[in-house]
Amino acid sequence: MNKILHFFKTSWWAGAGTLVVFVFIAYFPTLHNGFIWDDDRYLTDNPHLNDVEGLKQLLFAPRSRPQYYPLVFTSFWVEHKLWALDPFGYHVDNVLLQCVNSVLLWRVLALLSVSGSWLVAAIFAVHPVQVETVAWVTERKNLLSGFFYFLSLYFFLRFHDSRLRNDAHDDPHEKKLWSLYGISFVFFICALLSKTVTCTLPAVLLLICWWKQGRIGKESVLFTLPFLAAGLGFAYQTAWMEQFIAGARGPEWEFSFFDRFLVAGRALWFYIGKLAWPFPVIFTYPRWNIDDTLWWQYLYPFSFLLLILVLWCLKNKIGRGPLAGVLFFAGSLFPALGFFNVYPMRFSFVADHFQYLSCIGIIALFSAGVVRAAAKKFSQAVVLPAFGEAELIPHTLSSLNKNDTSSTQPSPVWFGEKERSIKKDYPSDQRKENYRSYLEQVKCAQKMTDQLLDKLNANPATQGSTIVIQSDHGSRITSYLPYVEFADQITKEDYIQFFSTFFAVRGPNYTPGYDRRPMALDELIRSVILNKNSLF
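The structure contained in this document is the topic of the report that follows. Remember, it's a predicted structure, so these values are computed and weren't measured experimentally. (Residues numbered from 1 in each chain as written. Predicted model: local features only at pLDDT ≥ 70, side-chain atom pairs only at ≥ 80, totals over all residues. Heavy atoms only, no water.)

## So, the nonpolar core
For soluble globular proteins, the rule of thumb is that nonpolar side chains tend to be buried together.
Step number 1: Among the nonpolar cores identified, the biggest contains 102 residues, and Phe-76, Phe-124, Phe-150, Tyr-271 and Phe-329 are the most heavily contacted of them.
Step number 2: Looking at this core, the element that brings in the most residues is helix α9 (residues 140–165), giving 11 residues.
Step number 3: Residues Leu-19, Val-103, Ala-121 and Ala-122 belong to the second largest nonpolar core, which totals six residues. (Core = buried A, V, L, I, M, F, W, Y, C linked by side-chain atoms within 4.5 Å. Buried < 20%, exposed > 50% of the residue type's maximum accessible area, 1.4 Å probe, protein only. Helix = DSSP H or I, 4+ residues; strand = E, 2+ residues; numbered from the N terminus.)

## Quick notes on the packing of helix α14 (residues 299–313) against helix α16 (residues 321–333)
Step number 1: Axis separation between α14 and α16 bottoms out at 9 Å; the angle between their running directions is 150 degrees. Looking at the two axes, α14 sits roughly antiparallel to α16. Note that α14 runs across α16; the crossing there is left-handed. Contact residues: Phe-304, Leu-307, Ile-308, Leu-311 and Trp-312 in α14; Pro-322, Leu-323, Val-326, Leu-327, Phe-329 and Ala-330 in α16.
Step number 2: Partitioning the contact of α14 with α16 into residue classes produces 11 nonpolar, no polar and no charged. (Axes fitted to C-alpha atoms, helices over the stretch in contact; angles between N-to-C directions. Parallel < 35°, antiparallel > 145°, perpendicular 65-115°, else oblique. Left-handed = near helix turned anticlockwise from the far one by under 90°. Contact = heavy atoms within 4.5 Å. Nonpolar A, V, L, I, M, F, W, Y, C, P; charged D, E, K, R; others polar.)

## Examining the side chain of Thr-198
Step number 1: When you line up the elements, Thr-198 lands in the loop between α10 (174–192) and α11 (201–213).
Step number 2: The class of Thr-198 is buried, set by a relative accessible area of 0%.
Step number 3: Thr-198 has contacts with Ser-145, Tyr-149, Phe-188, Ala-191, Leu-192 and Leu-357, leaving out every residue within four places of it along the chain.

## A look at the packing of α11 against α16
Step number 1: For the pair α11 and α16, the least separation of the axes is 10 Å and the interaxial angle reads 175 degrees. As the angle between them shows, α11 and α16 are arranged roughly antiparallel. Facing Val-204, Leu-207, Trp-210 and Trp-211 of α11, the residues of α16 in contact are Gly-321, Leu-323, Ala-324, Leu-327, Phe-328 and Ser-332.

Structure below.
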């Protein structure tokens, strides 16, 4: 029994398998559904699904269909060859894609050290607002674009994180890193070819950089420029096709800017409300009467802007996470908020499938709160103080031995006496070299802390406990900061994350990660053991 429990606590396959089971249980009734609205234009009455010439039209003739989503039509073309117009096969594939997307979301959030990442993925997988996407064959657009969106995001984060950890650009693994970037870009193009709402990914990448680092560096902007150019190009094409091919123009789409502003504000609160209380869930919601002369209708957009302002003002107290989650939600929804004409606006300004990806931001905030409350109430703690960890991570100036991937030990790199401070009269190059070497020490500390957590995870004796490893590495970096270029732009969060005391945390109720707050050891003990405060 202990081995079984240990497997479900530590196995990647157990977490993924549980998500798959949840998805199939939730969406099993949809497997017996037929075809509905728009399925005729995409599938049942689509003449291009019959032969290879039709496939060429779908791939290379954008105006052959109301929307140019060639990868979606290609998937229908292949399925049409396998089971013709039997709806069962199409619904099974939609459910399978939702399974894969849920697992991918979990892994992306885990890579970002999002608290409660598995819970976020589980809610995303089976929330009632997702039924419209999974049960509707035409919304293969959401599922397939989401699949490529998550893959692109995952590989970009792998690339970007590796670049941040590796200052030596002549590293032998440099080509491998750029291959991750290329893979990410290819998947992004595939996402755009499935549904152009994914054009918001470049903004999401920059938002993540700000959330994690407190600023958006020049290098991060340059990395996202190709994504931004591709996203804007596809977005413009889709907006044009919606008006002149799909027919989203005329009196029913004639709104002033203020009208669209009111629609956007009301839609944002509508979607949050549906996530909190998804009843009733209907295919076509009533179309609101928008009147920019009624003062109360302005309460929707201005209250949402007020929420953003409050979170911005509180970011130093509660962290950047809440604001990042809300901005992700609103930014990912932006193409469907009414600022651009889309054909469904003829019937309703909102639809459940519009928030397929954007809902992740709100779900993540909710899940983090649940995990924090659970950890505060139920967790036990084992604290490994700094003097204990010092046996594993030396205080000498050191760097990782990058040429020896089999070794976990740091290779010492000495610059003068062991605890010597850098003084103003030192040569500039030497100061920079000392600073660089100390950053290597911090990286080494984080790497070995991760390895220690992995070993503790594999030990059955620690499975019921929260593991907190306190480390003081980087605290002396303050003497180097005046000599760092752009040091005045380093925020308090950056100082804590990269240069000051950090705590590595692993527990049964939340995702492993680093606590960024400055905290003395006695305060740490009170927070974790006495449950005075929650770490996450």
